[in-house]
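# Secondary and tertiary structure notes
This is what each chain is made of:
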Amino acid sequence: MTVWLFYTLLGLIQGFTEPIPISSSGHLVIFQELFNIDLPGLSFEVFVNFASLLAVLTVYRKDVIRLIVSLWTFLFKKDRTDETMVDVKFIGLLLVATVPAGVLGVIFGDWIGEVLGGVATVGYTLIITGLALWFIRNMRGNKGDGGITLRDAVLIGLAQAVALIPGISRSGATIVMAMLLGIKQESALRFSFFLFIPISLGTMILDGPALFTNPETRDLFGPLILAFVASYALTAISLKWFQHIMAKGELKYFSYYCWIVGLLVVLFLA
């Protein structure tokens, strides 16, 4: 496998699996095991993950702009209208929900990677992810953006922290928790993917520069850019598709997928 093709495949895998509840990190571990190769390191994963972030911002650009404008008018123009206050509260709750994964990631990140980073863990956690998705497949909440509470934000943040374990989908964990708390599908999706923003930005700032100082990767500018573009494009496509799936209430198909892949991993790769 050529270097260009290898990096392109990694970007495609990251891009397609990041928005949907099947664990992008888990699939990269499976890919590594199947082809008996070493991935380019955490900094590479952070790099293509940042491409996914840009795709999320592109898909939700209208919401992003609205939130920024609301925060600006709240801070500098003393706007206190109901619509502005809902947006400002939403931003505040996103910051609260970011804390658990940020803190636990710093404290336990290395330990999780060393102890729980194996392919066997991915197999079992994919099965668990499938069960969680199956449990909430028919739920329909009644709380919109304005109905999300501080307690909801903390619990969703803790769910995101659980997704530090490979095979536990970040989007899946946060959406499952949000729907268990009675939040509408559309708001659960939006909160989940906006919660992705500070985590991805933070990890890119902390770990991204290492990609270009690492002697093994700094001379691979072309393949890295190709992986970045592939991740961006597939994330945008996958996210739009997932929005459609959620609207139709067909989460059960992701349960089937997680169970099948998880079982195959446990039986043949663990």
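Refer to the structure presented above.
Residues numbered from 1 in each chain as written. Predicted model: local features only at pLDDT ≥ 70, side-chain atom pairs only at ≥ 80, totals over all residues. Heavy atoms only, no water.

To continue, consider unusual backbone geometry. Residues other than glycine seldom take positive phi values, yet Ser 23 does so here, at roughly 75 degrees. As for its position among the elements, Ser 23 is in the loop between helix H1 (3-17) and helix H2 (24-35). The phi dihedral of Lys 78 is positive, around 55 degrees, even though this residue is not glycine. Within the element layout of this structure, Lys 78 appears in the loop between helix H4 (61-76) and helix H5 (82-115). Given the relative accessible area of 58%, Lys 78 is considered exposed. (Helix = DSSP H or I, 4+ residues; strand = E, 2+ residues; numbered from the N terminus. Buried < 20%, exposed > 50% of the residue type's maximum accessible area, 1.4 Å probe, protein only.)

Let us now look at helix H8 (residues 170-180). Counting buried positions over the 11 residues of H8 gives nine, a clear majority of the element. Turning to H8, its buried residues are Arg 170, Ser 171, Gly 172, Ala 173, Thr 174, Ile 175, Val 176, Ala 178 and Met 179. Residues of H8 that are buried sit in contact with helix H6 (119-135), helix H7 (150-162), helix H9 (185-207) and helix H11 (221-248). Backbone geometry just after H8 places Gly 182 at a positive phi near 85 degrees. (Contact = heavy atoms within 4.5 Å.)

This part covers the packing of H5 against H9. Here H5 crosses H9 at 60 degrees, and the two axes come no closer than 9 Å. Compared by their axis directions, H5 and H9 come out oblique. When the axes of H5 and H9 are compared, the crossing they make is right-handed. Between H5, through Phe 90, Leu 93, Leu 94, Ala 97, Thr 98, Ala 101 and Gly 102, and H9, the contact on the second element is made entirely by Arg 190, Phe 191, Phe 194, Leu 195, Pro 198 and Ile 199. Each residue belonging to the contact of H5 with H9 can be placed in one class, and the counts come to 10 nonpolar, two polar and one charged. (Axes fitted to C-alpha atoms, helices over the stretch in contact; angles between N-to-C directions. Parallel < 35°, antiparallel > 145°, perpendicular 65-115°, else oblique. Left-handed = near helix turned anticlockwise from the far one by under 90°. Nonpolar A, V, L, I, M, F, W, Y, C, P; charged D, E, K, R; others polar.)

A grouping of Val 99, Val 103, Leu 104, Val 106, Ile 107, Phe 108, Trp 111, Val 115 and Leu 164 is seen on the molecular surface, where their side chains present a nonpolar patch of about 820 Å² in accessible area. Inspection of the secondary structure assignment puts Val 103 in helix H5. Residue classification places Val 103 among the partly exposed residues on the basis of a relative accessible area of 41%. (Patch = residues over 30% accessible without salt bridge, like charges linked within 9 Å, V, L, I, M, F, W, Y side chains within 5 Å. Areas by Shrake-Rupley, 256 points an atom, 1.4 Å probe, with all protein chains shown as cover. Salt bridge = Lys/Arg side-chain N within 4 Å of Asp/Glu carboxyl O.)

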